[in-house]
Amino acid sequence: MKILILGTGYVGLVTGACFSEMGHLVTCLDIDEDKINKLNDGIIPIYEPGLEEIVKRNKKNKRLQFTTDYKKAVEKNDAIFICVPTPSNDDGSCNLSFIKKAAISIAKNLNEYKLIINKSTAQVGTLFEVREIIKKELTSLNKEINFDVASNPEFLKEGCAITDCMKPDRIVIGIDSDKAKNILYDIYSAFNIRKDKIITMDILSSEMTKYAANAMLATRISFMNEIATICKKINANVNNVRKGIGSDSRIGYSFLYPGVGYGGSCFPKDLKALAYIAKKNNVNPKLLNAVEEINNDQKKYLSKNIENYFKNTGGVKDKTIAIWGLSFKPDTDDIREAPSLNLIKDLLKKGATLRVFDPVAMDNIKKYFDKEKNISFCESEIEAANGSHAIALLTEWKQFRLLDFKSILKNLKHKVIFDGRNQYHPIKMKNLGFNYIGIGVPDQIQNEK
Ligand SMILES: NC(=O)c1ccc[n+]([C@@H]2O[C@H](COP(=O)([O-])OP(=O)(O)OC[C@H]3O[C@@H](n4cnc5c(N)ncnc54)[C@H](O)[C@@H]3O)[C@@H](O)[C@H]2O)c1
C-alpha cells in the first residue's frame, strides 16, 4: 500500500518507519523543512532506540522517503495518516489547529479517493470536523471526490516506540464505512499475523479510548504518589507496598512506581483535554482533577525536600545541585513537561547553581535554558556531581544504576542524594555514606543496617 504520513515527530516518523519495514511504500511529509532536509541527509531529528537503523535501511531500499511537497505526496498515496501535534489550549481543551491545517492541505490536493486516518490524540468528535473541513474545501474548489475518514489512536511509548509499533498490544480502529475498515485491515495485516489485534469500533469510541487509556495510566501514577506520601508519614516503605500490591494479578506491576510526577507530551495535555470534554458535557471530572492536582504537587516535591534539607545550612541559595536525568523518562530526548523543568526552575528561583546531565536530552535542555547563567551543562553524571552539594536523580537512565558511588562521594560536599525515582537501595546508599532521600521511603530507614 502507498501510505502518506503527515508529521515526522515521535509518532509520525516511527509509524512511517515501521510501515516501510513491513513492506509498505511510505512517504513522510512535514511542514518543517529543516527536519525533512535532515531526514533526507540521513540525520534523525529525535532520539528513539532502533529508529535510525530502520529509517536508513528503508530509505536505502526506497520504501521510505521524505518531502515537504503536499501536492505530489497526496496525489500518489492511497492512505493518509495525520500525526501532527495537538497541544493544550489555555483552557485545557485540545488545540486542533494543526489537524485542521493538515485537513485543508489534504483537501486542496485531493485528486481521487483516499482514506484519511487520524493518529493524533484529539478531542472526541475531531474526525467529524475533519470530514466537514475537507468537504467544505472540496466544494469551494468545485471538486467532487470521495474519501473516508478513520480514527486510529496511537499507543506507542517513547523509549520503546519501535517495539510498540511493530508488536502492538492492540490496534484500535474507529470507522464508519466497510471500505475504510478493509483498507485499515490491509495496512495492518503484517502486524496482525499471530493473533487478531484489531479492535474495530465507532469513531467517537475510538477517539475516547485514547483519552481513557492515558487517564487510567496517569491515575495509577498519581495513586501511587499519594500512597507514597502516606507511607512516608507513617514510616512505611512504598517500595515494599508496591511489590505487595503489584503481585496481585488484578493489579499488576505496571505504572505503580512513585516518583517526581508524570510528564511528557501526552499525559498532562490529554488529562486536561479529557477533563475539559467532561466539563463541557456537564460531568464533573472529580477523579481527573485529583490526578492532575496530585501530579502538580508531586512535581514540586523534590524541590521542597531539597530546600528543607538545607534549611539549617543557609538554604539552597549558593548551593550547587547536580541533576541526573532531564528527559521526562529514560530512552528519549523528549523534555516536554518533564519534571526536571519544574525542579530546575524552582531551584534557580531559590538561588541555587545547577550542574545538569542527561545521556541524550542535553541539546533540548540547552535550547530551553539558553539564557540561564547558573546552569552548567555537564558531559557526564560524574562531572555533574563533582563539587556539588547534593545529587538529585530525576530520570532513571540505566547508566545511573551501578556507579562508583565511593568516588562520587569524595567530591560531593553534603553527601546527600535525592532519589526522585527510587532507583537505589536506601540502606545500601546509607551504608556507602549517603544521606538518602527517596519517595515514600521513611527517614528512619536510614538508621537501619
Ligand atoms: N509522543 C508520543 O509518545 C505520542 C504517543 C501517542 C500519541 N501521540 C499523539 O500523536 C500526535 C503527534 O505527537 P508527536 O509527539 O509525534 O508530535 P511532534 O511534535 O513530535 O511531531 C509532530 C510533527 O508534525 C509536524 N506538523 C505540524 N503541522 C503539520 C502539517 N500541517 N502537515 C505536516 N506536518 C505537520 C510538525 O512539524 C512536527 O514535526 C499528538 O496528537 C500526540 O498527542 C503522541
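Reading the values: the criteria
- Residues numbered from 1 in each chain as written.
- Predicted model: local features only at pLDDT ≥ 70, side-chain atom pairs only at ≥ 80, totals over all residues.
- Heavy atoms only, no water.
- Buried < 20%, exposed > 50% of the residue type's maximum accessible area, 1.4 Å probe, protein only.
- Helix = DSSP H or I, 4+ residues; strand = E, 2+ residues; numbered from the N terminus.
- Pairing = 2+ DSSP bridges.
- Right-handed = clockwise from strand over helix to strand, strands pointing away.
- Core = buried A, V, L, I, M, F, W, Y, C linked by side-chain atoms within 4.5 Å.
- Domains from an automatic or database assignment.
- Polar contact = N/O pair within 3.5 Å; in protein donor to acceptor, adjacent residues only side chain to side chain.
- Contact = heavy atoms within 4.5 Å.
- Buried area = accessible area lost by both parts, 1.4 Å probe.
- Salt bridge = Lys/Arg side-chain N within 4 Å of Asp/Glu carboxyl O.
- Nonpolar A, V, L, I, M, F, W, Y, C, P; charged D, E, K, R; others polar.

1. Section: the pairing of strand 13 (residues 416-419)
When a strand is regular, its side chains alternate between the sheet's two faces. Residues Val416 and Phe418 point to one face of strand 13 and Ile417 and Asp419 to the other, with burial holding for every one of them. Pairing of strand 12 (residues 390-393) with strand 13 involves 4 bridges; the strand directions are parallel. Across the sheet, residue isoleucine 391 finds its bridge partner in strand 13, namely isoleucine 417. For the crossover that starts at strand 12, traverses helix 16 (residues 405-410) and ends in the parallel strand 13, the hand is right-handed. As for the winding sense of the linkage, the β-α-β connection from strand 13 through helix 17 (residues 426-432) to strand 14 (residues 435-437) is right-handed.

2. Brief notes about the nonpolar core
Judged by nonpolar contacts, the single largest core of 41 residues is most densely connected at Leu6, Ile82, Leu110, Ile116 and Ile134. Looking at this core, the element that brings in the most residues is helix 11 (residues 267-280), giving 6 residues. Taken domain by domain, this core gets at least three of its residues from each of domain 1 (2-201) and domain 2 (216-447). Formed by 39 residues, the second largest nonpolar core is a distinct cluster that contains Ala17, Ile36, Ile117 and Ala150.

3. A few points about the side chain of lysine 232
Along the chain, lysine 232 turns up in helix 9 (residues 203-234). A residue is classified by how much of its surface remains accessible, and lysine 232, at 18% relative accessible area, is buried. Polar contacts involving the side chain of lysine 232 include one to the main-chain carbonyl oxygen of valine 441, which spans 3.2 Å. Discounting residues that sit within four places of it in the chain, lysine 232 has contacts with Tyr301, Ile437, Gly438, Gly440, Val441 and Asp443.

4. Quick word on the domain arrangement of the protein chain
Assigned domains within the protein chain: domain 1 (2-201) and domain 2 (216-447). Using C-alpha coordinates to define each centre, domain 1 is positioned 34 Å away from domain 2. Of the residues lining the interface, 18 residues belong to domain 1; the matching set on domain 2 comes to 17 residues. Here domain 1 and domain 2 share an interface that buries about 1,300 Å² over both sides, 54% of which is from carbon and sulfur atoms. Taken as a group, Tyr10, Tyr47 and Glu158 account for 40% of the area that domain 1 buries against domain 2, more than any other trio of residues on that side. Put simply, arginine 336 and glutamate 158 hold a salt bridge, and the shortest N to O gap is 3.8 Å. Run the count over domain 1 and domain 2 and you get 6 residue pairs in polar contact (both at pLDDT 80 or more). Looking at the side of domain 1 that touches domain 2 residue by residue, the classes come out as 8 nonpolar, 7 polar and 3 charged.

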